[in-house]
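Breakdown of the fold
Each chain is listed here by its residues.
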Amino acid sequence: MTTAYERVQAARQKGRPTAVFYIRQITMDFLELHGDRRFGDDPAIVAGIGRLDGRPVTVIGIEKGVETEEKIARNFGSAHPEGYRKALRQMKQAEKFGRPVLCLIDTAGAFCGIGAEERGQGQAIAENLMALMGLKVPVISVFIGEGGSGGALALGVADRVWMLENAVYSVISPEGAASIVWKDAGKAADACEALRMTAQDLYGFGMVERVFSEENGDFTKVCENLTAALSQEFAALSALPAKELTARRYEKFRKIGGDEV
Amino acid sequence: MISKEHFKRPNNRLEGEQEPKVAALDAQDEQDLPVLVCPECKAAFDRDVREETDFVCPRCGALWQMSARERALWLADEGTFAEMDASLECADRLHFPGYAEKLAKTQRDTGEREGVVTGTAEIDGESCALFCMDPFFIMGSMGAAVGEKITRLFECALEKRLPVVGYTVSGGARIQEGMFSLLQMAKTSGAVMRHGNEGLFYVAVLTHPTTGGVVASFAMEADVILAEPLALIGFAGPRVIEQTLRQKLPEGFQRAEFLLQKGFVDRIVPRNEQKRELALLLKLNRKGADR
């Protein structure tokens, strides 16, 4: 039995494939498109168009970087508002041209810094939540590593939310939860359990539709499985009228915590 | 995250550090005591002064924090506030250690079931749906019940073709409800979007402090965003940013005035102007024939 803490460690493991690896494996003819047309280009978010099993798709991934220099350049996968606005721009173009959207999520969280606040980190995330709720093309979000709070949710309002076996998704980092609730950041392992943040927990809550095996670390195989599943699901979702698609998406999130008494 | 220090009730004179034994009095007893002390300038006043001065300190001008219910009753025309979902409360789905006890104590101390009060009201004769978050209920955090009540309010407003007025104050998503609280950001955003798609008006008033998941959802999704003077408004709390960057933040950072300058807030409105400005905005945003 793998503990939640072990899953968190696996999700953060050095050498674990990051978004660009999946983009290379899953898509053909991928063209990266830069910038938010407002402020700048955030290297923490990679966005562009490619083909998935022949079908043009928009792909938006949060990229942590692999080597140290790249990690620094990509701010370790913690996006600024311009990153979320770049994502929004690509989502809107996907809608305009009738392409489905694939989001690949791997972030400790949206960046907490002076520039991020000055440029409206909260507003940028909020705008994406509304935009995704109403987007008239299919959206599938795959959690490939860490899913850190609002910074992950900003790309996670989707028709299908899938997670890899060792991916995690939480309202706050376990370290943050431990220091706020128990005033002891050292209790992070306990917080991992208490937060119920593993893919298996969230599948049990009905927040995630599918959990993918990591094939004992054979991530090329994982990508083959993902490609087949994405191709099939995008075909099925694309057959739905836009109104039906967005209504179902709304209902899916509407029912979470909807049975309060 | 932000600290408990941001959520200060105007204190009873007897609550201060000098006389700790009285601080243990429960909320009901505090209400009965005649004197209150401004948490900013420490001046003592008669309790009745709160309503007379719109909950603003007559000596130093500090805005005293208001409970959700105080806010709703202060804002709504007398006798017009009709509460909805008053009995709705959260479920401890994760069995998060200590949460059930914390919730029970908070409910006892505040007399509220949850961290937001919702209903319909009139403001200077203008009908609206109204929500007010409560700073004293686990730091105004958003759990599943808060998200559910706000979602239901927007759905009700959509059905009744009403505009929404929302007062926010929040430390963010409620940790103890895990992903059930995070996903309320998506749920409420969906409800705001549907309401807005029908051409209906939503105005938010951001009060001190409004942070985290609430800023990153319905607080920043309003057609018009007002803020109270000096309110702390931000995605990340100042302490988290200081820890991340290991540097002190500039004076006035993340205050309402700063957000106004950066273009994220429409207007800063003092307490005694809020009712008039909200009513005016409701009137100006009425549709065609109703105007």
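Residues numbered from 1 in each chain as written. Chains lettered and ligands numbered in written order. Predicted model: local features only at pLDDT ≥ 70, side-chain atom pairs only at ≥ 80, totals over all residues. Heavy atoms only, no water.

1. Topic: the confidence of the model for chain B
The following threshold applies: Every residue gets a pLDDT, meaning the predictor's confidence in that residue, from 0 to 100. Whether two residues are in contact is decided by their heavy atoms, any of which lying within 4.5 Å being enough.
Here chain B averages 90 in pLDDT, and 90% of its residues register 70 or above. Considering only residues more than four positions removed or in separate chains, one finds that residues 13–29 of chain B, a stretch of pLDDT under 50, has 13 contacts.

2. Re the domain arrangement of chain B
Residue and element names in this part refer to chain B. The cut-off we apply is this: Domain delimitation follows an automatic or database domain assignment. Within this document, salt bridges are pairs made up of a side-chain nitrogen of Lys or Arg and a carboxyl oxygen of Asp or Glu, the two lying within 4 Å of each other. In this count, Pro and Cys sit with the nonpolar residues alongside Ala, Val, Leu, Ile, Met, Phe, Trp and Tyr, while Asp, Glu, Lys and Arg are called charged and the others, Gly among them, polar.
As far as domains go, chain B holds domain 1 (1–64) and domain 2 (66–290). Residue-level contacts link 15 residues of domain 1 with 23 residues of domain 2. Viewed at the interface, domain 2 and domain 1 are joined by 1 salt bridge. R50 is paired through a salt bridge with E70; the nearest N and O atoms lie 3.1 Å apart. Taken together, the residues that form the side of domain 1 that touches domain 2 break down as 8 nonpolar, 2 polar and 5 charged.

3. Comments concerning a positive patch on the surface
Our working rule: Patch membership is restricted to residues that have no salt bridge and whose relative accessible area is over 30%. Joining uses 9 Å for like charges and 5 Å for the nonpolar side chains Val, Leu, Ile, Met, Phe, Trp and Tyr. Accessible surface is estimated by sampling points in the Shrake-Rupley manner with a 1.4 Å probe; for residues, cover comes only from the protein chains shown. In this tally, Asp and Glu contribute negative charge and Lys and Arg positive charge; neither His nor the terminal groups of the chain are included. Here the site of a charge means NZ on Lys, CZ on Arg, CG on Asp, or CD on Glu. In this text, helices come from DSSP runs of H or I with a minimum length of four residues, and strands from runs of E with a minimum of two, each type numbered from the N-terminal end.
Taken together, the side chains of K183 of chain A together with K4, K102 and R239 of chain B present a region of like positive charge at the surface. With respect to the helices and strands, the residue K4 of chain B is situated in the segment before β1 (11–12).

4. Some remarks on the nonpolar core
What counts, and what does not: Here the nonpolar core consists of buried residues drawn from Ala, Val, Leu, Ile, Met, Phe, Trp, Tyr and Cys, with membership extended through side-chain atoms lying within 4.5 Å. Relative accessibility under 20% of the residue-type maximum defines a buried residue, over 50% an exposed one, and the middle range a partly exposed one, all with a 1.4 Å probe and only protein chains included.
Grouped together as the largest cluster of nonpolar side chains are 146 residues, with contacts concentrated most on Y169, L226 and L230 of chain A together with F131 and I233 of chain B. Counting residues per element, this core draws most heavily on helix α11 (residues 219–238) of chain A, which supplies 8 residues. Apart from residues lying up to four places away in sequence, L230 of chain A is in contact with I26, L52, L102, I140, V142 and W162 of chain A. Of all hydrophobic cores here, the second largest spans 34 residues; its members include L36, F55, V205 and A279 of chain B.

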